Amino acid sequence: MSRLRAALPLLLLALAGIVLFASGALDQLHPEQLVRHQAQLQAQIADSPWLSRIAFIGLLTLAMSTGIPGTVVIILAGGFAFGALEGTLYASIGLTLGTLILFLASRYAFGTGSKHPPAFVNRLHHGFERHPVSYTLFLRFVPIAPFGLITVCLAWLRCPLWLFLGASWLGGTVALIFETSIGAGLGDALARTSGHFEASLLMQRQILLPLGAIGLLALLPLLIERMTRKRRLGGSRDSDSK
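Residues numbered from 1 in each chain as written. Predicted model: local features only at pLDDT ≥ 70, side-chain atom pairs only at ≥ 80, totals over all residues. Heavy atoms only, no water.

*Asks:* Which parts of the structure should I look at to understand the overall build of the protein?
*Replies:* A tally of helices and strands in the protein yields 10 helices and zero strands. Secondary structure elements of the protein, listed N to C terminal, follow the sequence α-α-α-α-α-α-α-α-α-α. Looking at the protein alone, contacts between residues at least 24 apart form 79% of all its contacts between residues at least 6 apart. (Helix = DSSP H or I, 4+ residues; strand = E, 2+ residues; numbered from the N terminus. Contact = heavy atoms within 4.5 Å.)

Next up, the structure:
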C-alpha cells in the first residue's frame, strides 16, 4: 500500500497525459489550424493578453509534467502566437515547471531507488556517478532520448534538485530558442500560402536556420561517440606499444 501511495502522483500524471493526448487538443495547435484561425487567435490574445499567456504556460507545464509526445507542437504554437522572443520566454517557464513536477513525482515514487534499475538508467549510472554536473548538463544539451525520459532517469539517479533545475532550464531553453523560431517563421510562411503546407516552406530562411541547428544538436551524440571511440583506441594503442 505504501508503494502504491508513493507512485500515485506519477500515475496521476500519466493518466492526465493520456487524457490530454486522447482529447485531440494538441491537434488544434497544428500550424495549419493556427493559420486558419489566426485572426480569431490574435483577437483573443489582444482581448486577454495575460490570460492567454498564462494558459499557454499552463498547457505546456501540464504536457511536460506528463511526458507525453508532441509537446513540440505546443512550443511551435507559442512561437506562432507570441513570436520567437516571447514564445521562448513563456515556453522556458512552462518547460521548467513541468519537468520539475515530473522530477519530484518520479523521485517520490522511486524512493531511494532500486538495486536493479532499468537498463537505460543503468547505462547512465556510471557516467553520472563519475561526473554528475557535466554529465547532467550533457544529458540536457544533447538529445540522446526524449526530455521526459531523461527527467525520470535523473530522478532515479537522485540528481540534486539544484543541478536538475539549472541543467533543465539551460539545456531546455537552448532547444526552445530554435523551436519557437521555427514556429514564428512557419506562421509567417503559412500565412503567405493561405495556410497550405508546402515543402518549399522548409527552405525559408527563418525556418531553415533553426531546423539546421536542431539537426546539429541531434548529430552531437554520434560525434561524441566517435570521438570517444577514437580516444579509447588511441589509448589502447599507446598502452600496447609500451
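*Asks:* Please explain the pattern of salt bridges as it appears in this structure.
*Replies:* When the charged atoms of two side chains lie near each other, side chains of opposite charge can form a pair. Summed over the entire model, instances satisfying the criterion amount to one salt bridge. For Glu-86, the salt bridge goes to Arg-53, with nearest N and O atoms at 3.1 Å. Of this pair, Glu-86 sits in helix 5 (residues 71-110) while Arg-53 sits in helix 4 (residues 49-66), and the two are 33 residues apart along the sequence. You can call Glu-86 partly exposed: its relative accessible area is 30%. (Salt bridge = Lys/Arg side-chain N within 4 Å of Asp/Glu carboxyl O. Buried < 20%, exposed > 50% of the residue type's maximum accessible area, 1.4 Å probe, protein only.)

*Asks:* Explanation requested: the environment of Gly-171 in the structure shown.
*Replies:* Within the secondary structure, Gly-171 sits in helix 9 (residues 161-192). Taking the C-alpha atoms as reference points, Gly-171 and Arg-140, 31 residues apart in sequence, are found 4.9 Å from one another. Residue contacts for Gly-171: discarding those within four places in its chain leaves Arg-140 and Phe-141.

*Asks:* Just to check I follow, could you spell out the nonpolar core for this structure?
*Replies:* Soluble globular proteins tend to pack their nonpolar side chains together in the buried interior. Judged by nonpolar contacts, the single largest core of 23 residues is most densely connected at Leu-29, Leu-34, Leu-41, Phe-56, Leu-60, Ile-74 and Phe-82. Looking at this core, the elements with two or more residues in it are helix 2 (31-36), helix 3 (38-47), helix 4 and helix 5. Here this core gets nine residues from one element, more than from any other, and that element is helix 5. Apart from residues lying up to four places away in sequence, Ile-74 is in contact with Leu-26, Leu-29, Phe-56, Leu-59, Leu-60 and Ala-63. Counting 16 residues, the second-largest nonpolar core is a separate cluster that includes Val-121, Phe-128, Ala-145 and Trp-156. (Core = buried A, V, L, I, M, F, W, Y, C linked by side-chain atoms within 4.5 Å.)

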